[in-house]
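# Tertiary structure, described
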Amino acid sequence: MGIPSIIDIVNVAFDVYFYILFARIILSWIKHNPYQPIIRFIYETTEPVLGLFRKIIPPLGVVDISPIAAFFVLQLVRQLVISILRAIM
């Protein structure tokens, strides 16, 4: 087991953010205490990205599709960043 490369670190960072974003989606379906520290962390971490997408894509009735767009765009950003890192390494 060697030293992780910068690409490995970027991949892990994106994976962690995807899991946090997924947790935020699950939290929107269940009753929870918004003042609980872990839940506040999840909301504070994901709201900048989701808020940006909500400005662009309004909810369709009661369905908020901004997380779907966020997952898609973040995946594209991940691939772009990794491609750039591979090109310069």
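Residues numbered from 1 in each chain as written. Predicted model: local features only at pLDDT ≥ 70, side-chain atom pairs only at ≥ 80, totals over all residues. Heavy atoms only, no water.

## Here's the deal with the pattern of salt bridges
Inspection of every chain in the model, using the stated rule, returns 5 salt bridges. Of the charged contacts in the structure, one is a salt bridge between arginine 78 and aspartate 15, with a shortest N-O distance of 2.5 Å. Of the two residues, arginine 78 sits in helix α3 (residues 66-88) while aspartate 15 sits in helix α1 (residues 6-27), which places them 63 residues apart along the sequence. Taking the relative accessible area as the measure of exposure, arginine 78 reaches 9% and is therefore buried. For aspartate 15, a relative accessible area of 33% corresponds to the partly exposed category. Between arginine 54 and glutamate 47 there is a salt bridge, with the nearest N and O atoms lying 2.8 Å from each other. For arginine 54, a relative accessible area of 27% gives the class partly exposed. For glutamate 47, a relative accessible area of 31% translates into the label partly exposed. If you follow the salt bridges from partner to partner, you end up with Arg24, Glu47, Arg54 and Asp64 in one network. (Salt bridge = Lys/Arg side-chain N within 4 Å of Asp/Glu carboxyl O. Helix = DSSP H or I, 4+ residues; strand = E, 2+ residues; numbered from the N terminus. Buried < 20%, exposed > 50% of the residue type's maximum accessible area, 1.4 Å probe, protein only.)

## Thoughts on the packing of α1 against helix α2 (residues 37-56)
Helix-helix packing is described using two parameters, namely the angle between the two axes and the distance between the axes. Remark: α1 packs on α2, axes separated minimally by 9 Å, with the N-to-C direction vectors making an angle of 90 degrees. Taken together, the axis directions place α1 and α2 in an arrangement best described as roughly perpendicular. Across from Tyr17, Ile20, Leu21, Ala23, Arg24 and Leu27 in α1, the residues of α2 making contact are Ile39, Phe41, Ile42, Tyr43, Thr45, Thr46, Glu47, Val49, Leu50 and Arg54. Along the lines of polarity and charge, the residues of the contact of α1 with α2 split into 11 nonpolar, 2 polar and 3 charged. (Axes fitted to C-alpha atoms, helices over the stretch in contact; angles between N-to-C directions. Parallel < 35°, antiparallel > 145°, perpendicular 65-115°, else oblique. Contact = heavy atoms within 4.5 Å. Nonpolar A, V, L, I, M, F, W, Y, C, P; charged D, E, K, R; others polar.)

## Focus: the packing of α2 against α3
Relative to each other, α2 and α3 sit at 110 degrees, their axes nearing to 9 Å. The angle between the axes of α2 and α3 places the two elements in the roughly perpendicular class. In terms of crossing hand, the pair formed by α2 and α3 is right-handed. Here Val49, Leu50, Phe53 and Arg54 of α2 come into contact with α3, specifically with Ser66, Pro67, Ala69, Ala70, Val73 and Leu74. In the contact of α2 with α3, the residues fall into 8 nonpolar, 1 polar and 1 charged. (Left-handed = near helix turned anticlockwise from the far one by under 90°.)

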